[in-house]
Amino acid sequence: MNLLPKRSKEFGSVDYWEKFFQQRGKKAFEWYGTYLELCGVLHKYIKPRERVLVIGCGNSELSEQLYDVGYQDIVNIDISEAVIKQMKERNASRRPQMSFLKMDMTQMEFPDASFQVVLDKGTLDAVLTDEEEKTLQQVDRMLAEVGRVLQVGGRYLCISLAQAHILKKAVGHFSREGWMVRVHQVASSQDQVLEAESRFSLPVFAFVMTKFRPVPGSALQIFELCAQEQGKPVRLESAERLAEAVRERQQYAWLCSQLRRKAGLGSVSLDLCSGDTGEPRYTLHVVDSPAVKPSRDNHFAIFIIPQGRETEWLFGMEEGRKQLAASAGFRRLVTVALHRGQQYDGMDSVQAELSSRVMELAPAAMPPQQQVPFLSVGGDIGVRTVQHQDCSPLSGDYVIEDVQGDDRRYFRRLIFLSNRNVVQSEARLLKDVSHRAQKKRKKDKKKQRPADTPEDLPPAPGQSVDKSYLCCEHHKAMIAGLALLRNPELLLETPLALLVVGLGGGSLPLFVHDHFPKSCVDAVEIDPSMLEVATRWFGFAQSERMKVHIADGLDYITSLAGGEARPLYDVIMFDVDSKDPTLGMSCPPPAFVDQPFLQKVKSILTHEGVFILNLVCRDLALKDSVLAGLKAAFPVLYVRRIEGEVNEILFCQLHPGQKLATPELLEMAQALERTLRRPGRGWDDTYVLSDMLKTVKIV
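Residues numbered from 1 in each chain as written. Predicted model: local features only at pLDDT ≥ 70, side-chain atom pairs only at ≥ 80, totals over all residues. Heavy atoms only, no water.

Topic: the sheet that holds strand 13 (residues 332-338)
1) Next: The sheet built from 5 strands is open, its strands ordered 10-11-13-12-14 with mixed pairing. Looking along the sheet, the strands with just one partner apiece sit at the ends: strand 10 (268-273) and strand 14 (374-375).
2) Next: With 6 bridges connecting them, strand 12 (residues 300-305) and strand 13 associate as parallel partners. If you follow Ala-301 over to strand 13, its bridge partner there is Leu-333. (Pairing = 2+ DSSP bridges. Helix = DSSP H or I, 4+ residues; strand = E, 2+ residues; numbered from the N terminus.)

Here's the deal with the sheet that holds strand 15 (residues 384-392)
1) Next: Read across the open sheet, the 4 strands follow the order 15-16-17-18; overall the sheet is antiparallel. At either end of the open sheet lies a strand with only one pairing partner, and these are strand 15 and strand 18 (425-428). Each adjacent strand pair in this sheet contributes to an overall mean axis angle of 15°, direction not counted.
2) Next: Pairing of strand 17 (residues 410-416) with strand 18 involves 4 bridges; the strand directions are antiparallel. Pairing of Arg-413 across the sheet is with Glu-426, part of strand 18. (Axes fitted to C-alpha atoms, helices over the stretch in contact; angles between N-to-C directions.)

A short note on the nonpolar core
1) Next: Counting residues in each nonpolar core, the largest one holds 46 residues, and the members touching the most others are Phe-516, Val-571, Met-573 and Phe-651.
2) Next: If you tally residues by element for this core, the top one is helix 20 (residues 662-676), at 6 residues.
3) Next: Aside from chain neighbours lying at most four places away, what touches Val-571 is Leu-482, Leu-485, Leu-496, Ala-497, Leu-498, Leu-499, Leu-605, Val-610 and Ile-612.
4) Next: Of all hydrophobic cores here, the second largest spans 40 residues; its members include Met-105, Leu-128, Val-149 and Ala-245. (Core = buried A, V, L, I, M, F, W, Y, C linked by side-chain atoms within 4.5 Å. Buried < 20%, exposed > 50% of the residue type's maximum accessible area, 1.4 Å probe, protein only. Contact = heavy atoms within 4.5 Å.)

Regarding unusual backbone geometry
1) Next: Note the cis peptide between Cys-587 and Pro-588, where omega equals -5°.
2) Next: Mapped onto the secondary structure, Pro-588 falls in the loop between strand 23 (585-587) and helix 18 (595-603).
3) Next: Residue Ala-113 is not a glycine yet carries a positive backbone phi of 55°.
4) Next: Structurally, Ala-113 can be placed in the loop between strand 3 (99-102) and strand 4 (115-121).
5) Next: We classify Ala-113 as partly exposed; its relative accessible area is 36%.

Details of the pairing of strand 19 (residues 496-501)
1) Next: Strand 19 sits mainly inside the fold: 5 of its 6 residues count as buried.
2) Next: Bridging between strand 19 and strand 20 (residues 519-525) involves 6 bridges; their strand directions are parallel. Within the sheet, the bridge partner assigned to Ala-497 lies in strand 20 and is Cys-520.
3) Next: The parallel pair strand 19 and strand 20 is bridged by helix 15 (residues 507-515), and the resulting crossover is right-handed.
4) Next: In terms of strand pairing, strand 19 meets strand 22 (residues 569-574) through 4 bridges, oriented parallel. Across the sheet, the residue bridging to Leu-499 is Ile-572, located in strand 22. (Right-handed = clockwise from strand over helix to strand, strands pointing away.)

Re the environment of Ser-464
1) Next: Position of Ser-464 relative to the elements: it lies in the loop between helix 13 (435-443) and helix 14 (473-480).
2) Next: What makes Ser-464 partly exposed here is its relative accessible area of 42%.
3) Next: The spatial distance from the C-alpha of Ser-464 to the C-alpha of Gly-539 is 6.6 Å, given a sequence separation of 75 residues.
4) Next: Look past the residues within four positions of Ser-464 in its chain and what remains in contact with it is Leu-429 and Leu-430.

Section: the packing of helix 14 against helix 15
1) Next: At a closest axis distance of 11 Å, the pairing of helix 14 and helix 15 adopts a crossing angle of 40°. Relative to helix 15, helix 14 is oriented oblique. For the element pair helix 14 and helix 15, the recorded crossing hand is right-handed. Of helix 15, the residues touching helix 14 (which contributes His-475, Met-478 and Ile-479) are Ser-507, Leu-508, Phe-511 and Val-512.
2) Next: Of the residues in the contact of helix 14 with helix 15, the class split is 5 nonpolar, 2 polar and no charged. (Parallel < 35°, antiparallel > 145°, perpendicular 65-115°, else oblique. Left-handed = near helix turned anticlockwise from the far one by under 90°. Nonpolar A, V, L, I, M, F, W, Y, C, P; charged D, E, K, R; others polar.)

Things to note about a negative patch on the surface
1) Next: A surface patch of negative charge is lined by Glu-237, Glu-244, Glu-248 and Asp-271.
2) Next: Here Asp-271 lies in strand 10.
3) Next: The partly exposed category is assigned to Asp-271, whose relative accessible area is 42%. (Patch = residues over 30% accessible without salt bridge, like charges linked within 9 Å, V, L, I, M, F, W, Y side chains within 5 Å. Areas by Shrake-Rupley, 256 points an atom, 1.4 Å probe, with all protein chains shown as cover. Salt bridge = Lys/Arg side-chain N within 4 Å of Asp/Glu carboxyl O. Lys, Arg positive; Asp, Glu negative; His and termini not counted. Charge placed at Lys NZ, Arg CZ, Asp CG, Glu CD.)

Looking at helix 11 (residues 318-328)
1) Next: Buried residues of helix 11: Gly-320, Arg-321, Leu-324 and Ala-325, and no others. Buried residues of helix 11, seen end-on, are gathered within an arc of 135° and therefore sit on one face of the element.
2) Next: Where helix 11 is buried, its residues contact strand 11 (280-288), strand 12, helix 10 (313-316) and strand 13.
3) Next: Gly-329 sits one or two positions beyond helix 11 and adopts a positive phi of about 80°. (Arc of directions from axis to C-beta.)

Here it is as structure tokens:
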């Protein structure tokens, strides 16, 4: 027997409810949760001695259960004579002080200010079935009556699914009246019939509207949200933001229901926010691996990404996460990234905080009471210290942060928050043997563990960077490209004119300046904030051999190409990102590879010079177009793909006679390595330039 109406408008019909309760009989029908699911919020907002009016009571057991735990001054009304008769018969002897009245809630017969609480479980949802004028007028009469019969300081508790039109109407009505509006998420469950009919889950909310005494001329409006299992409400700035926050929780519930029913939904990601601030605290990615054969213990696992490592390919890219899930051997893996700006007390604390939430993402096939493992790298949540945060008019919000790498060394990073999973610049910090380390050793009387050695301490803000080390793989490949200058053994003794477009933290031009003593470097940076960042945080400094020009790289090169005394560079490097996230190419901006501009680049490059470009392009058709354009301008083109990243380094030269086979490239890279490894050069032995040119493709 289907007791749900075919059309939602029937919920507002007296005839429908008469037929419904006649067919249903005396069996209670709990539309929006049982007493056990709702008692937490009910007990919080209703005091036992307060007078309570329940509107649209139906045959729910809620009033009876409230009565039985001490809430005995309860009046119930409903438009259905059949249900009122049922409820009177059911409660006459057991609950003599509770009354049931047939009454239209839009025309109630009670005096003004008769109640401290009006309780509505699903009634507003049943009445507000559409936004037609007739329906809205009926709802206005209902809400006006609710306001009339409540005392100042009283509460209208409305249990609802909080559909958008209902939330808009209820919040709008009472906020205009000067009431305090709070929306409290109380449950994720719902009636089994509704779930079977709709095929998706909706969370249940309680609107808690508190009646304030009208203040003439006051425009104060208070909007708050209490998330599920969070006792502290979050103040929101507007009704629109409140509606958005409710919608986010509804979408989360829908997603959880879909993930419980089936696997293989594709790339699924979501944020879990702090209940106190509303700010994102964790970012979750759900990865299914259908190819993994099912067993009792491999259904589901959680992987905590250590702070600072969320930018790595294995954790930060979809393909990397798929590989991680497959190698871990679980049919569903949820990776969890921890947000900067949030405080975490360690792995145990993170696991405890996440346990209830992540279980909502478990697959349906997982056996009951199954223990879900938490996985990580190294067993801890990593170390990340935000040293500086600011906003650039050109680049937007950015942070300077120090993170601990997997070798327990510290690295300083520049991150643009508009693309928070991409490291814009990175430098390794020198080991800290400062007074901070000495002070810790004196304080710690116990035997030092390996993790307490000086290099494992959080870095001091002014700690210097290791200028001999290049962190970025694409920077290493760009330096390896200097081997294409034909005489790498002479690079230390002969002048080298180099133009770098895109400063960032300054690591690339600084490395060339320090390792090639005859080099003269011009760096071009459009954002003056980046020069300040490079100088203050990454050890960058200008000199007679290295100058920074604050200008648009396009304008700067156009000016050089059009000048009478046109300079010539042995090397031109483009390492500049696009500020437009909608493009399929994030590095460089498309104008930097337009054919007319490439001709200007050619005009300031020496006959034997090399043009080196960092390309980040996910649009395959666009990338093919860029390569074709470069090939048209530069007859010699090599491509070096950076493993585990989207970056590709392009090496361009002017004359076909310069084209070299792979063995020749390796030989020249090895010659450059030998030159840089000379005693006293400060060269980091982890660099193997020849490796950077082993997989170069000739286009």
